[in-house]
Structures are given as structure tokens and as C-alpha cells.
Amino acid sequence: MSKMADVIGKHQSQILNSWMQEMPASTRRTDLIGETEFRNQCAHFLVALQDGSRDSETAGDLSRPEWQQMRDLLGEISQSRVQLGFSPTQVATFVFSVKSPIFNVLRESLGNDPKVLADEIYRASLLIDELGLYTTEIFQRSREEVIRLQQQEMLELSTPVVKLWEGILALPLIGTLDSARTQIVMETLLQKIVETGSSVAIIDITGVPTVDTLVAQHLIKTVTAARLMGADCIISGIRPQIAQTIVHLGVGLGDVTTKAGLADAFLIALSRTGLAIVSKAEAV
Amino acid sequence: MERIPILKMGEFLLVSIQVDMHDRLALALQEDLTNRISETSARGVLIDISSLEIVDSFIGRMISNIAAMARVMDAETVVVGMRPAVAITLVELGLSMPGVRTALNVEKGMDLLRTTSAKNRVARTPIHARKS
């Protein structure tokens, strides 16, 4: 059994009390977290610390199963505190602040042997630093998760398929087209074609900033897939710069019908479905 | 051995693929269909693949081949009802079936066949016999 686990076990309540008293107000944040809850978290932390450091051989390795309880606890603490409005520094400082009471207790019980004391303090210091950094890592991971979710949401929001008329669909594309997005665009468009039984689909690329060879290839794939299902595709919204890039790059859009504006594409789509727009005066 | 039924509807043939195509079945269909076109001198063939869930490159090529053969025998071919997943697979496999006409469903496919066959009929009539 390691000396640290031994000492923590013996002096648990003493460590807990001095830890809570000495903690700086900026770390404690009484305005955000209640006394009982805080005390509970601290007590759990000490128990987990004792459990994890019990075997001095494995104490330094946080990925060991002995540290499972500590990892769970730190994960919970750092996630709940970030939600409460703590900064990641404050959460890490909370862990670091346990050093002083533990060192005090170690000094009291091992004071007669300076060499062992120095060793133990060094080891405890390393361990607690690692625990503190672990909370930051958790914080970062939860942030990344939020970013990933937002990206996914944006991806879903950014590919709406709208019905312009009976049998005519429009797909206004906004933002850069990469492989993942094209896949989603293709799937939603084809699904919508089946659902609505539309025979013409207009892909509007006014909002696509650049069209390189890859984007062109993605567009052609989408058009070909739609054609295989029996729907015609028209690409509209080709801006002057894009027309120039397409020709300079030598990208052939094949025999896909292209139009400068959505309005022109809509007129073509109407005529392909056997409809026409007539002004009222002419109709009379 | 199981076979895919070929139904005659007026001057068109209707092939509805309701089972999963395997290679031998596709070959049998190619044989049967070409025979039926010559027997009935059909003007058009409609292949409904709305129940087909899985295609590989062989089946994709067979469908395209069958359509090409029918065209050589002067029957327009329309493939209808391809599922989105099948369409994506074929495109990813690089089979874009350039010569095959397609339609969303049997109804639209029939319309397409009728209009093209009407056009062809005009084209086949000798010029002096055409109505002005």
C-alpha cells in the first residue's frame, strides 16, 4: 500500500476540512455551487484518490482500472461545473488546491524522514497535476462534441429541397460542397424525387462560393443519379466567375442543362412538364 | 428455373422485376426478352425495377445491355422506378447508362413510350402518305 493512500485514509476528515477552508474564493465560487454539494464532491474526490493511489506501482497511470472511479468523478465534476459557469482554469485549480492540505498531512506523518517525505511529495504532486490536466481534457472533449453536433445540424439545415410546382423541385445549395455534403444532398434530393414524383429538379448553385473539378464531379454524379431514376436536372445560378473557372479548368459539365438564373431554369422546367406562364392580358 | 415474366400490353412489352436479380436470371431475361421482341414485333419495352434493392456492376451492365439490344431491334426501352440507393450505387460504380431512357414510374414510362412511338410512326410513314 502506498504511503499516500495510507495517509489519506487516516486523515481524511482533516484533509477535507483544511482543503475546504483554504480554498481561494475564486476557485470555491460560493455563488455557483452550494455548501453540501461541494463538500460531497470533495469527499468523493478524496475517496477516489485513496482508491486509485492504493497500489504504488500503478498509481501513476490514470488509464488503469483502479482510477475508473476518479475518472468518472472528474468527468462529472468538470462537465457539471462548466455548465454552471466555471471556467476550465477554475476547475483545474480546484484539483490543484488539494495539494497543500495533502502535503501538510504528509509532512506531519513522515516529517522524521526527509528523504521519504520528499519522494512522496514529488509523487503526489505529479499525480495531482495529471488529475488537474485531465479535467481540462474532459472540458475540451465536451466542447468538441458540441462543435460536432452543431456541424451536423448545419449540414442538415443547409440542404433543403423545396417544391416549386407540381413535378418541379428546387435544391438551393449554399456553402462549399465537399464529399460528405454531396452525399447528403444527393440522398435527400433523390428521396424527395421519389416522394413527390417530380420529373424535373433544379440545382441552384448561386450560394456555392467556388466550383472546382471535385465539386463539378459531385454535381455531375448527382445529376446522373437523378437521371437514372427518371428525373431531369437543371443546374442554375452559374455566376460569371464560376463560368470562367469552369472553362479555365476544362471541367465539362457534360450534357447537363445549365442556366444563369433560377428564373430561367424554372421556365425550362415548366415547359418540360408541359406548362407555360401566360400574362393575364394574353389569356383573355 | 424461375423466370421473369414478360407481359404484352398492346404494342409494348412490360417486364417487372419483382425478385432479386442474380446473374443467371439476368441472362435468361436477356434471352427471353429478345425472343419476345422478335415474336411480337414490339415497338417498346418497359422495365420496372422498383422492387430491385441490390445491384452490382454485372446487373447494372445487364440492364444497360438489354436496353441496347432492344434498341437494335427497334424497340424503345424505358427503365422505370429506380430506387435512390440503386441510382447512387450505379453512379458510384461508374455506370451512368448513357443510352437508357428512364422515368419515375410505370405511368410516366408508358407516356414516354407512347409519345416516342407516335413520333417514330410519323417518321416511318413514307413522306407522300403523311397527312399535312
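Cut-offs applied
- Residues numbered from 1 in each chain as written.
- Chains lettered and ligands numbered in written order.
- Predicted model: local features only at pLDDT ≥ 70, side-chain atom pairs only at ≥ 80, totals over all residues.
- Helix = DSSP H or I, 4+ residues; strand = E, 2+ residues; numbered from the N terminus.
- Buried ≥ 20, exposed ≤ 12 C-beta atoms within 10 Å, placed from the backbone.
- Contact = placed C-beta atoms within 7 Å.
- Pairing = 2+ DSSP bridges.
- Axes fitted to C-alpha atoms, helices over the stretch in contact; angles between N-to-C directions.
- Core = buried A, V, L, I, M, F, W, Y, C linked by C-beta atoms within 7 Å.
- pLDDT = per-residue confidence, 0-100.
- Expected span 1.5 Å × (residues − 1).
- Left-handed = near helix turned anticlockwise from the far one by under 90°.
- Nonpolar A, V, L, I, M, F, W, Y, C, P; charged D, E, K, R; others polar.
- Parallel < 35°, antiparallel > 145°, perpendicular 65-115°, else oblique.

### Some words on the overall build of chain B
Along its length, chain B carries four helices and five strands. Written out in order from the N terminus, the α and β elements of chain B read β-β-α-β-α-β-α-β-α. The buried share among the 132 residues of chain B stands at 36%. Restricting the contact set of chain B to residue pairs at least 6 apart, pairs at least 24 apart contribute 80%.

### Considerations on the overall build of chain A
Secondary structure summary: chain A contains 13 helices and five strands in total. The burial tally for chain A puts 30% of its 284 residues in the buried class.

### Digging into the sheet that holds strand S5 (residues 101-103) of chain B
Residue and element names in this part refer to chain B. Ordered by their spatial adjacency, five strands build an open sheet running S1-S2-S3-S4-S5, and the pairing between neighbours is mixed. Since the sheet does not close on itself, it has two edges, and those belong to strand S1 (6-9) and S5, each with one partner. Mean inter-strand twist for the sheet, computed between neighbouring axes without regard to direction, equals 25°. Relative to the sheet, helix H2 (residues 57-72) contacts strand S3 (44-48) and strand S4 (76-80), its axis offset from that of S4 by approximately 155°. Sitting on the sheet, helix H4 (residues 106-124) touches strand S2 (12-16), S3, S4 and S5, and the angle it makes with S4 is about 165°.

### Examining the nonpolar core
The biggest cluster of nonpolar side chains holds 69 residues, and the ones touching the most others in it are A:Ala201, A:Ile202, A:Ala226, A:Met229, B:Val45 and B:Ala87. Counting residues per element, this core draws most heavily on helix H10 (residues 213-229) of chain A, at eight residues. In this structure, A:Ala226 is in contact with A:Leu189, A:Leu190, A:Ile193, A:Ala201, A:Ala231 and A:Cys233, ignoring residues within four places of it in sequence.

### Brief notes about unusual backbone geometry
Residues and elements named next belong to chain B. Its identity as a non-glycine residue notwithstanding, Asp74 has a phi of 65°, on the positive side. For Asp74, the location among the structural elements is in the loop between H2 and S4. On the basis of neighbour count, Asp74 is assigned to the partly exposed category, with 13 C-beta atoms found within 10 Å. A positive phi angle is found at Met97, which is not glycine, with a value near 45°. On the secondary structure map, Met97 appears in the loop between helix H3 (84-92) and S5.

### Considering the confidence of the model for chain A
With 98% of its residues at a pLDDT of 70 or more, chain A has an overall mean of 85. The secondary structure element of chain A with the lowest average pLDDT is helix H3 (residues 25-28) of chain A, at 74, and the one with the highest is helix H12 (residues 262-272) of chain A, at 93.

### A short note on helix H8 (residues 114-157) of chain A
Residue and element names in this part refer to chain A. Across its 44 residues, H8 extends 65 Å between first and last C-alpha, which sits within 8% of the 64 Å expected from 1.5 Å per residue. Taken together, the buried positions of H8 are occupied by Glu120, Ala124, Leu127, Leu131, Gly132, Thr135, Ile138 and Phe139. Residues of H8 that are buried sit in contact with helix H1 (3-10), helix H5 (68-84), helix H6 (88-96) and helix H7 (99-110).

### Things to note about the packing of H1(A) against helix H4 (residues 35-52) of chain A
How two helices sit against one another is set out by the angle between their axes and by the gap between those axes. Residue and element names in this part refer to chain A. At their nearest, the axes of H1 and H4 sit 8 Å apart, and the two run at 145° to each other. Read as a crossing pair, H1 and H4 show a hand that is left-handed. Where H1 approaches H4, its residues Ala5, Ile8 and Gly9 are matched on the opposing element by Leu46, Leu49 and Gln50. Residue composition of the contact of H1 with H4, grouped by class: four nonpolar, two polar and no charged.

### What to know about the environment of B:Met69
Residues and elements named next belong to chain B. Turning to its location among the elements, Met69 is positioned in helix H2. On the basis of neighbour counts, which here come to 16 C-beta atoms within 10 Å, the residue Met69 falls in the partly exposed class. Taking the C-alpha atoms as reference points, Met69 and Gln30, separated by 39 residues in sequence, lie 8.5 Å from one another. Residue contacts for Met69: discarding those within four places in its chain leaves Gln30 and Thr34.

### Topic: the interface of chain A and chain B
When the parts come together, some accessible area is lost, and that loss is often what is quoted as the size of the interface. With 15 residues of chain A at the interface, the matching set in chain B holds 14 residues. The leading source of residues in the side of chain A that touches chain B is H10(A), at six residues. Its residues assigned to classes, the side of chain A that touches chain B comprises seven nonpolar, five polar and three charged.

### A closer look at the pairing of S1(B)
Where S1(B) lies against S2(B), four bridges are found, and the strand directions are antiparallel. Across the sheet, the residue bridging to B:Ile6 is B:Val15, located in S2(B).

### Remarks on the packing of helix H2 (residues 12-22) of chain A against H7(A)
Residue and element names in this part refer to chain A. Axis separation between H2 and H7 bottoms out at 8 Å; the angle between their running directions is 140°. With respect to H7, the axis of H2 lies oblique. The element H2 and its partner H7 pack so that their crossing is right-handed. In this structure, H2 uses Gln14, Ile15, Ser18, Trp19 and Glu22 to contact H7, whose residues at the interface are Ser100, Pro101, Ile102, Asn104 and Val105. Of the residues in the contact of H2 with H7, the class split is five nonpolar, four polar and one charged.

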